[in-house]
Amino acid sequence: GRRTIVLAIVSPIRSATGALLGAVEVLRDVTPLRALEERVQHQKRMAALGEMAASVAHEIRNPLGTIEGFARLLRHDLDLAGQPEHSRLSSKIIEGAQNLNYVITNLLTYARPMRLQCDWFDVETLLNSVKDVVAGSATERGVNLSINLPEPKFRINGDIRQLRQVLINLGRNAVDACAKGGHVSIDGALQRCDVFLTVSDDGCGIAPEDISSIFDPFFTRKEGGTGLGLSLSHKIVGAHGGEILVNSKLNAGTIIKVVLPQLGEAV
């Protein structure tokens, strides 16, 4: 069931008189090479988008701060004037400005070079901190969340804050993909010093035509989503020298693995 890309080379075999006797066909598996080419092209597109995003974000942030500042003054004046309904509407302006600022902050984070603060930490600490955040969303949507702590224990050499954000983004996406009563699982494993952090769900899955685009900025099928969470996660994992593998089927769930080569060791 695995798709393989091969390079075929056919060479004729001739006799001393030039008669065609047959042919030799050599097939070479170039699947890893094609995957590498696609990753390089993806990184080039992301770099161009990042430069554009940084310039646009700076231009938007200044007037956005002005809008929020005057909206706060307006709300203060309306409160003093005893107009709670109008004050509530001005609060909506402030909330909208803050949401937009959140998107811009993520854009700038995406555009800037990633600076990691790496240190050794236990994977249990990482998974438990992720559970504390994702559990709230799971409870609210009626989704079952399980965190499978590894045995034997191991530790990771990486930036725990950034990797926590990756798993939180993946965990929340998994929860949102599930119907009430669905299940989301987050676990970690160590294989020959390679770290595998896996988030799986039994939700709606990802359409095959969307899988190649899910790490692109602003690409989202989720109502109210910004399309930046997976882009940032992809950048963080790439900065660690790792990759994100996606296996998904429509209406059958999704398994996403964060692979961090040579960044783990047994405790």
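As a reminder, the structure under discussion sits directly above these lines.
Description of the structure in this document. Values in this document were obtained by computation on a predicted structure and should not be read as measured data. (Residues numbered from 1 in each chain as written. Predicted model: local features only at pLDDT ≥ 70, side-chain atom pairs only at ≥ 80, totals over all residues. Heavy atoms only, no water.)

1. Overview of the sheet that holds strand β7 (residues 194-201)
The strand order β4-β6-β7-β9-β8 describes an open sheet built from five strands, whose pairing is mixed. Two strands close off the open sheet at either side, each with one partner strand: β4 (144-148) and β8 (243-249). Geometrically, the sheet is characterised by an average inter-axis angle of 15° between neighbouring strands, direction not taken into account. Packed onto the sheet, helix α3 (residues 123-141) meets β4, β6 (183-191) and β7 and runs at close to 180° relative to β4. (Pairing = 2+ DSSP bridges. Helix = DSSP H or I, 4+ residues; strand = E, 2+ residues; numbered from the N terminus. Axes fitted to C-alpha atoms, helices over the stretch in contact; angles between N-to-C directions. Contact = heavy atoms within 4.5 Å.)

2. Considerations on the sheet that holds strand β5 (residues 154-158)
The strands that make up a sheet are held in pairs by hydrogen bonds between backbone atoms, and each pair lies either parallel or antiparallel. Pairing is antiparallel across the open sheet formed by three strands, whose spatial order is β3-β5-β10. The open sheet is flanked by β3 (119-122) and β10 (264-266), the only strands paired with a single partner. For this sheet the average axis-to-axis angle between neighbouring strands, irrespective of direction, equals 30°. Strand direction decides the pairing type here: β3 and β5, joined by four bridges, are antiparallel. Bridging from a neighbouring strand, Trp 120 pairs with Asn 157 of β5. Where α3 meets the sheet, its contacts fall on β3 and β5, and the angle it forms with β3 comes to roughly 70°.

3. A short note on the packing of aromatic side chains
Enumeration according to the criterion identifies zero aromatic pairs in this entry. Its guanidinium or amino end placed over the ring of Trp 120, Arg 155 lies 4.5 Å from that ring's centre, counting from NZ or CZ. (Phe/Tyr/Trp six-rings, centres within 6.5 Å; stacked < 30°, edge-to-face > 60°. Lys NZ or Arg CZ within 6 Å of the ring centre and 35° of its normal.)

4. Observations concerning the nonpolar core
One recurring pattern in soluble globular proteins is that nonpolar side chains are buried together. By size, the foremost hydrophobic cluster in this structure holds 35 residues, and its most contacted members are Leu 126, Ile 156, Leu 197, Val 258 and Leu 260. Of all the elements in the fold, those that place two or more residues in this core are α3, β5, α4 (160-177), β6, β7, α5 (229-239) and β9 (253-260). Here the element with the most residues in this core is α4; it accounts for seven residues. The contacts of Leu 260, once residues within four sequence positions are left out, are Ile 156, Leu 163, Cys 193, Asp 194, Val 195, Leu 197, Val 237, His 240 and Gly 242. (Core = buried A, V, L, I, M, F, W, Y, C linked by side-chain atoms within 4.5 Å. Buried < 20%, exposed > 50% of the residue type's maximum accessible area, 1.4 Å probe, protein only.)

5. Observations concerning the environment of Glu 265
On the secondary structure map, Glu 265 appears in strand β10. Distance in space between the C-alpha atoms of Glu 265 and Asp 122 is 9.8 Å, their sequence separation being 143 residues. Once you skip the residues sitting within four places of it in the chain, Glu 265 turns out to touch Trp 120, Phe 154, Arg 155 and Leu 190. One polar contact links Glu 265 to Arg 155, side chain to side chain, over a distance of 2.4 Å. (Polar contact = N/O pair within 3.5 Å; in protein donor to acceptor, adjacent residues only side chain to side chain.)

6. Brief notes about a nonpolar patch on the surface
Taken together, the side chains of Leu 7, Ile 9, Ile 13, Leu 21, Val 24 and Val 26 make up a nonpolar region of the molecular surface, amounting to roughly 510 Å² of accessible area. Where the nonpolar patch is concerned, the elements lending two or more residues are β1 (6-14) and β2 (20-29). Note that Ile 9 resides in strand β1. (Patch = residues over 30% accessible without salt bridge, like charges linked within 9 Å, V, L, I, M, F, W, Y side chains within 5 Å. Areas by Shrake-Rupley, 256 points an atom, 1.4 Å probe, with all protein chains shown as cover. Salt bridge = Lys/Arg side-chain N within 4 Å of Asp/Glu carboxyl O.)

7. A few points about unusual backbone geometry
The omega angle of the peptide bond from Glu 151 to Pro 152 is 5°, so this bond is cis rather than trans. Note on placement: Pro 152 falls in the loop between β4 and β5. In this model, Cys 193 sits at a positive phi of 75°, which is unusual for a non-glycine residue. Inspection of the secondary structure puts Cys 193 in the loop between β6 and β7.

8. Some details on the packing of α3 against α4
Closest axis-to-axis distance for the α3/α4 pair is 9 Å, and the angle between their directions is 25°. It follows from the interaxial angle that α3 and α4 lie roughly parallel. Both α3 and α4 take part in a crossing whose hand is right-handed. Contacts between α3 and α4 pair Thr 125, Leu 126, Leu 127, Ser 129, Val 130, Val 133, Val 134, Ser 137, Ala 138 and Arg 141 from the former with Ile 160, Leu 163, Arg 164, Leu 167, Ile 168, Gly 171, Arg 172, Val 175 and Asp 176 from the latter. Of the residues belonging to the contact of α3 with α4, the class tally is 11 nonpolar, four polar and four charged. (Parallel < 35°, antiparallel > 145°, perpendicular 65-115°, else oblique. Left-handed = near helix turned anticlockwise from the far one by under 90°. Nonpolar A, V, L, I, M, F, W, Y, C, P; charged D, E, K, R; others polar.)

9. Some points on the packing of α4 against α5
Viewed as axis vectors pointing N to C, α4 and α5 meet at an angle of 145°, and their least axial separation amounts to 9 Å. By crossing handedness, the relation of α4 to α5 is classed as left-handed. In this structure, α4 contributes Gln 162, Leu 163, Val 166, Asn 169, Leu 170 and Asn 173 to the contact, and α5 contributes Gly 229, Leu 230, Ser 233, Ile 236 and Val 237. Split into classes, the residues belonging to the contact of α4 with α5 amount to six nonpolar, five polar and no charged.

10. A word on α5
Every buried residue belonging to α5 is among Leu 230, Ser 231, Leu 232, Ser 233, Lys 235, Ile 236 and Val 237, and all of these are buried. As for α5, its buried residues are in contact with α2 (84-111), α4, β8 and β9. Looking one or two residues beyond α5, the residue adopting positive phi is Gly 241, at roughly 80°.

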